[in-house]
Amino acid sequence: MNLNVIFKTRFGPAGLIFKENPFALVRVILPRPDRRTLLRQAGKALWGKTGRHKNADMMVPRLQNYFNGKPIEIPWEWTPLSDLTDLEQRVLLKTAEIPYGKTRSYKEVAEAAGRAGACRFAGNVMAKNPFPVLIPCHRVIKSDGSIGHYGGGPKLKQAMLEMEGAL
């Protein structure tokens, strides 16, 4: 069964969904304007019940610090991508390498993942990213410099990129 924790950020409530034993992150839920919208975003199938785990307890303040303008560090080794295809994993792992305060285009990410010309595919992988912020898909923008889409909405993506000094 999944467990969850909801926490406050300056952008509104956000959430973590995880499995307890062994610990595994299931999803990071980006901040929403209110708790009801947050709960609706993840869907009832994922939420499970409210719970605690030392790794979740370590992750929450790191995410809160990120939303206050500090780079995030993941405090443990994790392999959250095992249920994805090899190419999807490569796209997300290349996205995870984008430094705080920098951006890459969908085209650059696709090329780095070994699939030049697969910009649309890279965008679709970003749309399904279960770990936004940890795998910073908000740092992937269009080749023309516009920000493109984002699961948390374009206003949140813009705010995050501005907060990081990437725009």
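Residues numbered from 1 in each chain as written. Predicted model: local features only at pLDDT ≥ 70, side-chain atom pairs only at ≥ 80, totals over all residues. Heavy atoms only, no water.

**Examining the overall build of the protein chain**
Next up, step 1: When helices and strands are tallied, the protein chain shows seven helices and six strands.
Next up, step 2: Reading the protein chain from its N terminus to its C terminus gives the helix and strand order β-β-β-α-α-β-α-α-β-α-α-β-α.
Next up, step 3: In terms of overall dimensions, the protein chain is globule-like: its C-alpha atoms have a radius of gyration of 15 Å, near the 15 Å expected for 167 residues.
Next up, step 4: The principal-axis extents of the C-alpha atoms in the protein chain amount to approximately 40 × 30 × 30 Å. (Helix = DSSP H or I, 4+ residues; strand = E, 2+ residues; numbered from the N terminus. Rg over C-alpha atoms; globule rule 2.2 N^0.38 Å.)

**Considerations on helix H7 (residues 154–164)**
Next up, step 1: Residues of H7 that are buried: Leu156, Lys157, Ala159, Met160, Leu161, Met163 and Glu164.
Next up, step 2: Residues of H7 that are buried make contact with helix H3 (54–66), helix H5 (106–112) and strand E6 (140–141).
Next up, step 3: Glycine 165 sits one or two positions beyond H7 and adopts a positive phi of about 75 degrees. (Buried < 20%, exposed > 50% of the residue type's maximum accessible area, 1.4 Å probe, protein only. Contact = heavy atoms within 4.5 Å.)

**Notes on the sheet that holds strand E4 (residues 49–50)**
Next up, step 1: Strands sit in the order E3-E2-E1-E4 across an open sheet of four strands; the sheet is mixed. Each edge of the open sheet carries a strand with a single partner, namely strand E3 (24–29) and E4.
Next up, step 2: Summarising the sheet, strand E2 (residues 12–19) and E3 pair through five bridges and their orientation is antiparallel. Counterpart to isoleucine 17 in the pairing with E3 is arginine 27.
Next up, step 3: Running over the sheet, helix H1 (residues 35–42) touches strand E1 (2–9), E2 and E3 and is turned about 35 degrees from E2. (Pairing = 2+ DSSP bridges. Axes fitted to C-alpha atoms, helices over the stretch in contact; angles between N-to-C directions.)

**Things to note about the pairing of E1**
Next up, step 1: Where burial is concerned, most of E1 is hidden: six out of the eight residues are buried.
Next up, step 2: Relative to E2, E1 runs antiparallel, the two being bridged by eight bridges. Bridging from a neighbouring strand, isoleucine 6 pairs with glycine 15 of E2.
Next up, step 3: Between E1 and E2, which follow one another and run antiparallel, lie two residues.
Next up, step 4: Relative to E4, E1 runs parallel, the two sharing two bridges. Counterpart to asparagine 4 in the pairing with E4 is threonine 50.

**Thoughts on the pattern of salt bridges**
Next up, step 1: Overall, the coordinates contain five salt bridges when judged by the stated rule.
Next up, step 2: Among the salt bridges present, the one from glutamate 88 reaches lysine 128, with a minimum N-O distance of 3.0 Å. Of this pair, glutamate 88 sits in helix H4 (residues 86–96) while lysine 128 sits in the loop between helix H6 (119–127) and E6, placing them 40 residues apart in sequence.
Next up, step 3: Owing to a relative accessible area of 11%, glutamate 88 belongs among the buried residues under this scheme. (Salt bridge = Lys/Arg side-chain N within 4 Å of Asp/Glu carboxyl O.)

**Quick look at the nonpolar core**
Next up, step 1: Counting residues in each nonpolar core, the largest one holds 39 residues, and the members touching the most others are Leu16, Leu63, Val91, Val133 and Leu134.
Next up, step 2: Elements represented by at least two residues in this core include exactly E1, E2, E3, H3, H4, H5, H6 and H7.
Next up, step 3: A total of five residues in this core trace back to one element, the largest contributor, which is H3.
Next up, step 4: No fewer than three residues from each of domain 1 (3–78) and domain 2 (86–164) sit in this core.
Next up, step 5: Excluding anything up to four places from it in sequence, valine 133 contacts Leu30, Leu63, Tyr66, Phe67, Ile72, His138 and Met160.
Next up, step 6: In terms of nonpolar packing, the next biggest core, distinct from the first, is built from five residues, Ile17, Ile29, Ala42 and Trp47 among them. (Core = buried A, V, L, I, M, F, W, Y, C linked by side-chain atoms within 4.5 Å. Domains from an automatic or database assignment.)

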